[in-house]
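Summary of the model geometry
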Amino acid sequence: MSALAAAPPRPALRHRLAEHGVDRTLLLMLPGIVAIAALFCYPFVYGLGLSFQPSKGGVFGAYRSFFGDSFSSGTIATTFGLAIPSSLINVGLSVPISYRMRGDFRGKRLLLTLLVVPITLGTVLTAEGILEFFGPVGWFNLTLQKLGLVSAGAPMKLINDYWGVLFSLIISGFPFAFLLTHSYLSGIHPALEKAAATLGAGWWQRFRFVTFPLLLPGLLTTFCLTFVLGFSVFPSAMMVGDPDGKTHVISIEAYEQALQNFDYPQGCADAMIMTGLMLAVIALAMGIRALFYSGSTGGKG
Amino acid sequence: MLRTKALTLRPGTWLVWALVVFFLVNVLGVIGSVVLDSFGTTWFNGWSPNGYTSSNYSSAWNEFDLGQVMTVTFEITFLVVGLSLLLGVPAAYALARRSFPGKRAVMLLFVLPILVPPIAYGIPLATVLYKFHLAGSLTGVVLANLVPSIPFVVYTMTPFIEQIDPRLEQAARMCGAPTRSVLGRIVAPLLLPGMLAAGILVLVRTFGMFELTFLTSGPTSQTLVVSLFSAVFSAGIRSAQSIDAMAVIYTGSMLVLLVIALRFVNPTQLVARSRD
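Here's a quick rundown of the structure. (Residues numbered from 1 in each chain as written. Chains lettered and ligands numbered in written order. Predicted model: local features only at pLDDT ≥ 70, side-chain atom pairs only at ≥ 80, totals over all residues. Heavy atoms only, no water.)

**Overview of the overall build of chain B**
Broken down by element type, chain B carries twelve helices and zero strands. Based on the C-alpha atoms only, the size of chain B along its principal axes is roughly 75 × 70 × 30 Å. Looking at chain B residue by residue over its 276 residues, the buried ones come to 53%. Accessible surface computed for chain B: about 12800 Å², of which carbon and sulfur atoms make up 68%. (Helix = DSSP H or I, 4+ residues; strand = E, 2+ residues; numbered from the N terminus. Buried < 20%, exposed > 50% of the residue type's maximum accessible area, 1.4 Å probe, protein only. Areas by Shrake-Rupley, 256 points an atom, 1.4 Å probe, with all protein chains shown as cover.)

**Remarks on the packing of aromatic side chains**
As enumerated under the stated definition, the model contains 34 aromatic pairs over all chains in all. A centroid spacing of 6.1 Å and a plane angle of 35 degrees characterise the contact between Phe-174 of chain A and Phe-178 of chain A, whose relative ring orientation is tilted. Taken together, the residues span about one helical turn, with Phe-174 of chain A and Phe-178 of chain A both in helix 8 (residues 162-186) at a distance of four residues. On the basis of relative accessible area, Phe-178 of chain A is assigned to the buried category, the value being 1%. Judged by centre distance (5.2 Å) and plane angle (40 degrees), the rings of Phe-39 of chain B and Tyr-57 of chain B are tilted. (Phe/Tyr/Trp six-rings, centres within 6.5 Å; stacked < 30°, edge-to-face > 60°.)

**Overview of the interface of chain B and chain A**
Interface extent is often summarised as the accessible area lost during association of the parts. Across the boundary between the two partners, chain B contributes 87 residues, which contact 91 residues of chain A. Between chain B and chain A, the buried area comes to about 7800 Å², and carbon and sulfur atoms account for 80% of it. On the surface where chain B and chain A come into contact, there are zero salt bridges. At the surface where chain B touches chain A, the tally comes to two residue pairs in polar contact (both at pLDDT 80 or more). Of all the elements in the fold, those that place two or more residues in the side of chain B that touches chain A are helix 2 (11-38), helix 4 (66-97), helix 5 (103-115), helix 6 (118-131), helix 7 (138-162), helix 10 (211-216), helix 11 (224-233) and helix 12 (240-264) of chain B. A per-element tally of the side of chain B that touches chain A places helix 2 of chain B first, with 18 residues. Class assignment for the residues of the side of chain B that touches chain A results in 65 nonpolar, 13 polar and nine charged. (Contact = heavy atoms within 4.5 Å. Buried area = accessible area lost by both parts, 1.4 Å probe. Salt bridge = Lys/Arg side-chain N within 4 Å of Asp/Glu carboxyl O. Polar contact = N/O pair within 3.5 Å; in protein donor to acceptor, adjacent residues only side chain to side chain. Nonpolar A, V, L, I, M, F, W, Y, C, P; charged D, E, K, R; others polar.)

Written as structure tokens, this is what we have:
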């Protein structure tokens, strides 16, 4: 009798945890988490701590000297001046192009493959090619001369300048933006557009009121990712840009402080400022993204 | 019917195709001028070099000690691929099969190294590696390259594992298989295609990864892309042609890897995680 009246015994802790999905399988994550914690989180926290211990100027000395010096604080404007136009161009161009190419056509896989090439070549090779192709005696200027757009003695100055870096960001960033936009677009079910067409919507109305709103969250993600690419531009800004002047971007400033002047606290402070600015832009874009409808698109996405 | 439809394109379509062609022509020009210059004797102006030779390649090979650089590059790349698969796949398995409190935090931990630009975390990481006397060595470069690779493996493998039916594992357990056999004889063979794809993607990315290797490598642990950068940036004493020959060697190896990669993966997977 007494045994029946007593409350049923509480299941073992192991079983209660397993009901919430916590069991030994989770130990499999441990090596990966430890590696990321040791190689990513620890250096980041260490760098953050180090940035508050400059050799002179007190706790905020490194930050004060960054914002106090117009040459180093000017890098923020320079970096945004490259990252914003390049990501707007990349996303802006990939929308109409991927909208046109959303259907199936012959040679589509070949085209996608061709577009992947500039991404995999990497920025260093792209920069080396840009130095020659867009140089004063390169094929681009020769073509412009043949077309009579520039005179023979005065080629367009494209390299060692702002434009060379912008071109390199477009060459490596546009295919990236295009492939992302393309995969977002193929995730929108074609039946939605067909339904709009049966109701008598023209192509512009279908794009403006059906496809575009569904695509917008994906576009903002694409914008963020291309923005990150542009914001952290480094090798091409050194090679095809004007690293001591017009393209003295924040990553060059941080690199020079840390590994050329061996002022690690200052370099870490610059890296923290860079991360902070970048996360602020991403947070802004994600905040805007949250305002839009981002439910099911009825597709495979 | 199909033919006539394909020929009557609207102006918008023409504009789109013109943009694509213009872009591809420029990319071709960028690559083509490097390739052509690497075979040229001198090329100061005009459409093509004055003469052709293949001596640039042998001089580049000797001048930049490319034999050693290539060995180091492949050592680093394969170590990174192996280690990131070893650390990333189990984590991806746990993330795909279980939902547990704190899963979002773990996902965030794995997405941050992809999101934060390599230069921004590379500088503190290089500082730490210098503190432990690891910077400049092969170990340091491999460790640095693991940071973006492990999350990449996790994010490529998680959707892949999710689509494998968990009932297969349950059936194996019903038949009395211990955990070791379930993992070794049921899960691993099913994961192999995904691991191959993830491994190749990591291979391509590590081979082309500039920033992290640049920040953490020393003279004996430079990969091909870093010594290419150093050669271009400290140009002057070297002829532009041998630098271009080196660039072509880099492009060639990259294209071989790319062709292999594209046999196994979809082009869109190279930029985003699998969305199917």
